[in-house]
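# Overview (structure and organization)
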Amino acid sequence: MSIPQSGGGPIEDFAQLAEYMASGCKPKADWRIGSEHEKFGWLTDTRAPLPYAGERSISALFAGLADRYNWTPVTEAGNIIGLTRNGANVSLEPGGQFELSGAPLTSLHEIAAELQNHLDEVRSIADPLGIKFMGIGAAPEWSHAEMPVMPKGRYRLMTDYMGRVGTHGTQMMYRTSTVQVNLDFASEADMVQKLRVALALQPVATALFASSPFFDGKLNGHKSWRSRIWRGLDNSRTGMLPWAFEDGMGFQRYVDWVLDVPMYFVYRDGSYINALGQSFRDFLAGNLPTLPGEKPTLSDWADHMTTVFPEARVKKYIEMRGADCGDQPHINALSAFWVGLMYDQTALDAAWDLVKGLDGETREGLRLAASEQALQGEANAVKLLDLARAAVGLSHAGLVARGLGEESFLAPLVQSLKSGTTQADRWLRDYHGAWGGSLTPIYEASSL
């Protein structure tokens, strides 16, 4: 989850909202890659989720990382809720998922080195405490009642609201983990093309990275339960954005949609003020019930933009949000997949040619099929395995064209395409075979 935004004065002109997004436009030479991943901590002797406080806890990890590796603590109401260093952040999801939001970097080699360094630092603190981490899309056994609750005001508000507007919101918050990559755009037209390709191919990413076939201690009937959860969450702020494929798509059209999404909060003086269900349009007019007479700043707008959760999200860059977290090679492969497609124009044009004929029903059908069957899914005679082979092939060509020797990071995906299986399929095979129907082995099998 995002940390509170800062900077930016009062919004004096409606056009500033779209201009905020447009300010992210960069020449290709300045494009960067930002990788993020979430992971569940667990105690090796009990396999219980990692608590926030105590000798063996998230707080202990934060303290150790700050003391030994010069991370700067980020606090809220006296609690450490994150760390920052050289453009990177370590933060917490609602159930204690430990998240690295990496610095903007220039190559996949740098992304992989950053991940390795992060895991090395975390292990050096965690191992002596008997703590490990799982790279998996959903907690396989823990119930909602077992999950710790992080001391963040944003999450207290969201938990209450999620319980009122959907069926799976708190499952998403507390018991799922994802990996994503954040990529730049050059212009409004470039943003539109990249967003459309990202949305249309997000089911492919869901299928390739599926790693959550277990939930509540049993089979859940899906390869990516994390993806299934997002379909029952809050339809006002999630999904495949079918309007993004219509004529007239651009920064302003995206702004109009975000404005229509109900608010969660306003952040003031270190505290989250409840604005659940209220309208940012009213805020712009000075008519927000929770802050009557007050108008928003650009940082309020930036905060509100972080409360929409489509499969691909636009801020000053585009976030690819459709994948389960997995092992270390898969975390790197997610960045490689999208960089190859998005950062070479020939590959991007070919990717658009690949998906531009898909209608909204097919795109949504593929999303559903990916969560249920991963690479074996299909919708309206479009097979995800075929689409994935074509997309990974284009990504490979795009990485080769970059000339940086990055194509090797696609290796886990190439292997999945050869076998037609994903991490979820392999764990299901083990569950029905060597594990004898027990989920105890998955903790070590998924360790990062």
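See above for the structure.
Residues numbered from 1 in each chain as written. Predicted model: local features only at pLDDT ≥ 70, side-chain atom pairs only at ≥ 80, totals over all residues. Heavy atoms only, no water.

Let's shift gears to the overall build of the chain. A tally of helices and strands in the chain yields 17 helices and 17 strands. A compact globule built from 448 residues would reach a C-alpha radius of gyration of about 22 Å, and the chain, at 21 Å, matches this within 12%. Taking all 448 residues of the chain together, the buried fraction comes to 60%. For the chain, the proportion of contacts with a sequence separation of at least 24, taken over those separated by at least 6, is 74%. For the chain, the accessible surface area stands at approximately 16,100 Å², while carbon and sulfur atoms represent 50% of it. One finds the centroid of the 40 positive side-chain charges in the chain at a distance of 3 Å from the centroid of its 52 negative side-chain charges. (Helix = DSSP H or I, 4+ residues; strand = E, 2+ residues; numbered from the N terminus. Rg over C-alpha atoms; globule rule 2.2 N^0.38 Å. Buried < 20%, exposed > 50% of the residue type's maximum accessible area, 1.4 Å probe, protein only. Contact = heavy atoms within 4.5 Å. Areas by Shrake-Rupley, 256 points an atom, 1.4 Å probe, with all protein chains shown as cover. Lys, Arg positive; Asp, Glu negative; His and termini not counted. Charge placed at Lys NZ, Arg CZ, Asp CG, Glu CD.)

Quick look at helix α1 (residues 15-22) now. Of the residues making up α1, those classed as buried are Gln-16, Leu-17, Ala-18, Tyr-20 and Met-21. Against α8 (251-260), α9 (280-284), α10 (298-305) and β14 (312-314) lie the buried residues of α1.

Turning to the packing of α8 against α10, a few remarks are in order. Following both chains from N to C, one finds α8 and α10 inclined at 80°, their axes separated by 10 Å at the closest point. The angle between the axes of α8 and α10 places the two elements in the roughly perpendicular class. Between α8, through Tyr-254, Val-255, Val-258 and Leu-259, and α10, the contact on the second element is made entirely by Trp-301, His-304 and Met-305. Residue composition of the contact of α8 with α10, grouped by class: 6 nonpolar, 1 polar and no charged. (Axes fitted to C-alpha atoms, helices over the stretch in contact; angles between N-to-C directions. Parallel < 35°, antiparallel > 145°, perpendicular 65-115°, else oblique. Nonpolar A, V, L, I, M, F, W, Y, C, P; charged D, E, K, R; others polar.)

Our focus in this paragraph is the pattern of salt bridges. Note that side chains of opposite charge can pair when their charged atoms are close. Evaluated as defined, the whole model comprises 21 salt bridges. With a shortest N-O distance of 2.9 Å, Asp-190 and Lys-194 are connected by a salt bridge. Here Asp-190 pairs with Lys-194, and both are found in helix α6 (residues 188-208), just 4 residues apart, close to one helical turn. By the burial criterion, Asp-190 is buried, and Lys-194 matches it. Between Lys-223 and Asp-425 there is a salt bridge; the shortest N-O distance is 2.6 Å. Residue Lys-223 is located in the loop between β9 (218-219) and α7 (225-230), and its partner Asp-425 is located in helix α16 (residues 423-432); the two are separated by 202 residues in the primary sequence. By relative accessible area, which is 14% here, Lys-223 ends up buried. The class of Asp-425 is buried, set by a relative accessible area of 17%. Here the salt bridges share partners, and the residues they tie into one network are Arg-313, Lys-315, Glu-319 and Arg-321. (Salt bridge = Lys/Arg side-chain N within 4 Å of Asp/Glu carboxyl O.)

Turning our attention to unusual backbone geometry. Glycine aside, negative phi is the norm for most residues, and most peptide bonds take the trans geometry. A positive phi angle is found at Arg-47, which is not glycine, with a value near 60°. The topology assignment puts Arg-47 in the loop between β1 (33-43) and α2 (58-69). The backbone of Asn-380 shows a phi angle near 50°, a positive value even though the residue is not glycine. Looking at the secondary structure, you find Asn-380 in the loop between β16 (378-379) and β17 (382-383).

All right, on to the pairing of strand β15 (residues 318-324) then. Remark: a regular strand shows side chains that alternate across the two faces of the sheet. In terms of burial, β15 is largely enclosed, as 7 of its 7 residues are buried. Here strand β7 (residues 178-183) pairs with β15 via 5 bridges, running antiparallel. Note that in β15 the partner of Val-181 across the bridge is Met-320. For β14 and β15, the ladder comprises 3 bridges, and the chain directions are antiparallel. Within β15, the position partnered with Val-314 by the bridge is Ile-318. Joining the antiparallel neighbours β14 and β15 is a turn of 3 residues. (Pairing = 2+ DSSP bridges.)

So far we have only geometry, and geometry alone does not tell us how the molecule works.
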